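Tertiary structure, described
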Amino acid sequence: MAFEGLSDRLQGAISQVSSGGTITEADLKQMMREIRLALLEADVNFQVVKTFVKSVNERALGSDVLKSLSPAQQVLKIVDEELTALMGGELVPLNFSAKPPTVIMMAGLQGAGKTTTVGKLAKFISEKENKKRPLLVAADVYRPAAIEQLQTIGQQLGFDVYSEGTDADPVRIAEAALNQARLQGNDVVIIDTAGRLHVNEELMAELRNIKAVANPQEILLTVDAMTGQDAINVAQSFNESLDITGVVITKLDGDTRGGAALSIRSITDKPIKFTGQGEKLDALEPFYPDRMSSRILG
Ligand code: GDP
């Protein structure tokens, strides 16, 4: 399960000192050291850990933790609030255009779960946001398998897929798909763009060109939670190049240590909007930082 090690260690660190009633400044220091190690071991970014522990410590010293008869509960509350804040505080919902179609552009490295997430999002949006006619756009022209995968997902869900095969220019595909959406009255257009194994300038240039013609309300980056610090670096690069609007963290159902989920907001200043919790098309959840924090703290 995701966050398992982090959960155990954080809970352990906090409860460890509580048995004898009040705690000393040394106990608190020890607790902070444990919290720091727990976060580092969960692959949370070093700078993020430093800032986090500093604010928890300052709050603990500034409140009555040291005089309290239930210091563990008090620290737990502080850590819970700070974790929630670290992950963005509140749910940040999708932006929809006042004038349909709303355009959502998906980006991400190969294997991150981008194409699957296109399907999941289309399903989510049609069920939860009442946008009944999403158009899925196959602009990943370099991998025929990606186009077929999107077509299969479209068929499963009963949504139209716009494709021109592998010989067309992705920027032109995006343009033509938008024209079709306007003519057919699709209320949402979700563009599946190409991934690569690594971030490179050619990919970024193509994505910027698609952005320029599609003028998306959302540019969502999918990152694989299992890749830890790499996910953070990828998010930074995509954000610098594309100015993304949000992140979808996939594979949180796996046994990821959780560092990406905890670091990405603070490093990129872009919200996590959804998490992927499985391979099935209904395994997508809006991201509530407070619920995620509760899950981690048990
Ligand atoms: P893309 O190359 O980024 O388009 O990635 P795909 O959508 O093809 O997904 C790559 C693999 O990850 C596939 O086997 C998906 O089923 C799997 N996958 C995608 N999202 C999730 C998720 O949230 N959880 C799990 N366990 N697997 C996922």
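Parameters at a glance
- Residues numbered from 1 in each chain as written.
- Predicted model: local features only at pLDDT ≥ 70, side-chain atom pairs only at ≥ 80, totals over all residues.
- Heavy atoms only, no water.
- UniProt positions renumbered as here; feature names shortened; annotations may be inferred.
- Helix = DSSP H or I, 4+ residues; strand = E, 2+ residues; numbered from the N terminus.
- Rg over C-alpha atoms; globule rule 2.2 N^0.38 Å.
- Buried < 20%, exposed > 50% of the residue type's maximum accessible area, 1.4 Å probe, protein only.
- Contact = heavy atoms within 4.5 Å.
- Areas by Shrake-Rupley, 256 points an atom, 1.4 Å probe, with all protein chains shown as cover.
- Near = heavy atom within 4 Å.
- Polar contact = N/O pair within 3.5 Å; in protein donor to acceptor, adjacent residues only side chain to side chain.
- Nonpolar A, V, L, I, M, F, W, Y, C, P; charged D, E, K, R; others polar.
- Pairing = 2+ DSSP bridges.
- Salt bridge = Lys/Arg side-chain N within 4 Å of Asp/Glu carboxyl O.
- Expected span 1.5 Å × (residues − 1).
- Arc of directions from axis to C-beta.

The chain has the name Signal recognition particle protein in an unreviewed UniProt entry, where Ruoffia halotolerans is given as its organism. According to UniProt, the comment filed for the chain under the heading Function (unreviewed entry) is "Involved in targeting and insertion of nascent membrane proteins into the cytoplasmic membrane. Binds to the hydrophobic signal sequence of the ribosome-nascent chain (RNC) as it emerges from the ribosomes. The SRP-RNC complex is then targeted to the cytoplasmic membrane where it interacts with the SRP receptor FtsY." According to the UniProt record, the Sequence similarities (unreviewed entry) comment for the chain reads "Belongs to the GTP-binding SRP family. SRP54 subfamily."

When you go through the chain residue by residue, the secondary structure sums to eleven helices and eight strands. For the chain, whose C-alpha radius of gyration is 21 Å, the value lies close to the compact-globule estimate of 19 Å for 298 residues. Along the first, second and third principal axes, the C-alpha atoms of the chain reach 70 × 35 × 30 Å. Within the chain, the fraction of its 298 residues that count as buried is 53%. A sequence separation of at least 24 residues applies to 77% of the contacts in the chain between residues at least 6 apart. Surface exposure of the chain reaches about 13300 Å², of which carbon and sulfur atoms provide 47%.

Around the ligand there are 18 residues in total, and G111, K114, T116, D253 and E279 lie nearest to it. Separating an oxygen atom of the ligand from a side-chain N or O atom of K120 is a distance of 3.3 Å. At 3.3 Å from an oxygen atom of the ligand is found a main-chain nitrogen or oxygen belonging to G276. Coverage of the ligand by the protein chains reaches 80% of its 580 Å² of free accessible surface. When residues in the shell around the ligand are grouped by element, the largest group, four residues, is from helix α5 (residues 114–128). Across the shell around the ligand, the residue classes break down as two nonpolar, ten polar and six charged.

Along strand β1 (residues 102–108), seven of the seven residues are buried, which leaves the element largely enclosed by surrounding structure. By the alternation rule, side chains of β1 split into T102, I104, M106 and G108 and V103, M105 and A107, which are all buried. Summarising the sheet, β1 and strand β4 (residues 188–193) pair through five bridges and their orientation is parallel. Paired with I104 across the bridge in β4 is I190. Looking at chain direction, β1 and strand β5 (residues 218–224) are connected through five bridges and run parallel. The residue of β5 that forms the bridge with A107 is L221.

Moving on, we come to the pattern of salt bridges. Under the criterion given, the structure shown has 17 salt bridges. Close ionic contact of R59 with E82 constitutes a salt bridge, the shortest N to O distance being 3.0 Å. One end of the pair, R59, is in helix α3 (residues 46–62); the other, E82, is in helix α4 (residues 71–86), with 23 residues separating them in the sequence. A relative accessible area of 31% means that R59 is categorised as partly exposed.

Between its first and last C-alpha atoms helix α2 (residues 25–41) spans 24 Å; for 17 residues at 1.5 Å apiece the expected length is 24 Å, and the two agree. Within α2, the full set of buried residues consists of L28, M31, M32, E34, I35, A38 and L39. End-on view of α2: buried residues confined to an arc of 160 degrees, all on one side of the axis. Away from its buried face by more than 90 degrees, α2 exposes A26 and K29.

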